[in-house]
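Each chain is listed here by its residues.
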Amino acid sequence: AVPPVSRRAFLVSSAIASRARANDRAPAFAVQVYVWTQHYERLNDKASRHYGDILAACASAGYRHVELLSDWFTLESAERTMDLLRQNNLTSPIVYNGGLLHTGDGAQSTIAATLALARRIRSVNPSLVAISFNASALPRRERKSDAELEIQAQAINRLGDELAKEKVRLFVHQ
C-alpha cells in the first residue's frame, strides 16, 4: 500500500512544482493505464476492447500525457492507439515494456524486441521519450543469482545504449 502523504509534504511539493512552472521548468505528469488492465481483468474483460474509453477517462481527468503499455503498440494496434490519443488530445511520451534480461539468450531476445518496439512506436508516435522497462522476475519470485544479476546489469546497460541510438531514453521500472 502507498503510505499517505502528509499535508506538509503535499504543500511543499506543490510549492516546488509552482516554482518550477514559474521558471518554465514545469514537471510533466503522466497517468499510467495499468490500473485499467486490472479493472477489466476483474470484470473478465480485456482492456484492449476499451482503449477509447480509457483514454477518454484520462483526458476527462485533466491529464495530457499517458504512460501506455507495449501491447498498445503492437503491429495491429499502433495506428488505432495513435488515432485514439489524437482524438483525446493526449500524448504518450513513455511506454512500459518488460522481459527477460537475466539470461544471455533472454537478454538478446528482449533487447531486440524492445528496440523493434521503440522503432515501431517512434514511427507513429514522435512524442516518445522513454521506454520504462521492468526486467522479469524469476518464477515464484525466487532470488536471482549473482551471475544472473550480472548478466541483467550488462543487458540493461546495453539496452540503454541501443535505445539512446534511437533517441529514446531508458527508465528502469522498479
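Below is a summary of the structure that appears in this document.

1. Comments concerning the packing of helix 3 (residues 51-60) against helix 4 (residues 78-87)
To characterise two packed helices, one gives the angle between the axes of the helices and the distance between these axes. Viewed as axis vectors pointing N to C, helix 3 and helix 4 meet at an angle of 30°, and their least axial separation amounts to 9 Å. It follows from the interaxial angle that helix 3 and helix 4 lie roughly parallel. Considering only the axes of helix 3 and helix 4, their crossing is right-handed. Side by side, helix 3 and helix 4 meet where Y51, G52 and L55 of the first sit next to R80, T81, L84 and L85 of the second. Looking at the contact of helix 3 with helix 4, its residues break down into four nonpolar, two polar and one charged.

2. Examining the side chain of T114
Tracing the backbone through its elements, the reader meets T114 in helix 5 (residues 104-124). Setting aside chain neighbours within four positions, we find T114 in contact with N97, I131, F133 and L159.

3. Looking at the sheet that holds strand 4 (residues 130-135)
Within a sheet, each strand pairs with its neighbour through backbone hydrogen bonds, oriented either parallel or antiparallel. Pairing within the open sheet is parallel, and its five strands lie in the order 1-2-3-4-5. Looking at which strands have only one partner, the edges of the open sheet turn out to be strand 1 (30-32) and strand 5 (169-172). On average, adjacent strands in this sheet sit at an angle of 30° to one another, irrespective of strand direction. As paired elements, strand 1 and strand 2 (residues 65-69) share three bridges and run parallel to each other. When the sheet's bridge partners are listed, A30 is paired in strand 2 with H65.

4. Some points on the side chain of S77
Structurally, S77 can be placed in the loop between strand 2 and helix 4. Take S77: its relative accessible area is 9%, and that puts it in the buried class. Aside from chain neighbours lying at most four places away, what touches S77 is D71 and W72.

5. A look at the environment of T91
One can find T91 in strand 3 (residues 91-99). Classification of T91 by relative accessible area gives partly exposed; the value is 28%. Through-space distance from the C-alpha of T91 to that of L68 is 9.7 Å; in sequence the pair is 23 residues apart. Every residue in contact with T91, bar those within four places of it in the chain, is listed here: R64, H65, V66, L85 and S127.

6. So, the pattern of salt bridges
In the structure shown here, the tally under the stated rule is five salt bridges. The residue R86 makes a salt bridge to D83 at a minimum N-O spacing of 2.8 Å. Taken together, the residues span about one helical turn, with R86 and D83 both in helix 4 at a distance of three residues. The exposure class of D83 is partly exposed, given its relative accessible area of 35%. For R140, the salt bridge goes to E142, with nearest N and O atoms at 2.9 Å. With relative accessibility at 72%, the residue R140 sits in the exposed group.

How each quantity is defined
- Residues numbered from 1 in each chain as written.
- Predicted model: local features only at pLDDT ≥ 70, side-chain atom pairs only at ≥ 80, totals over all residues.
- Heavy atoms only, no water.
- Axes fitted to C-alpha atoms, helices over the stretch in contact; angles between N-to-C directions.
- Helix = DSSP H or I, 4+ residues; strand = E, 2+ residues; numbered from the N terminus.
- Parallel < 35°, antiparallel > 145°, perpendicular 65-115°, else oblique.
- Left-handed = near helix turned anticlockwise from the far one by under 90°.
- Contact = heavy atoms within 4.5 Å.
- Nonpolar A, V, L, I, M, F, W, Y, C, P; charged D, E, K, R; others polar.
- Pairing = 2+ DSSP bridges.
- Buried < 20%, exposed > 50% of the residue type's maximum accessible area, 1.4 Å probe, protein only.
- Salt bridge = Lys/Arg side-chain N within 4 Å of Asp/Glu carboxyl O.

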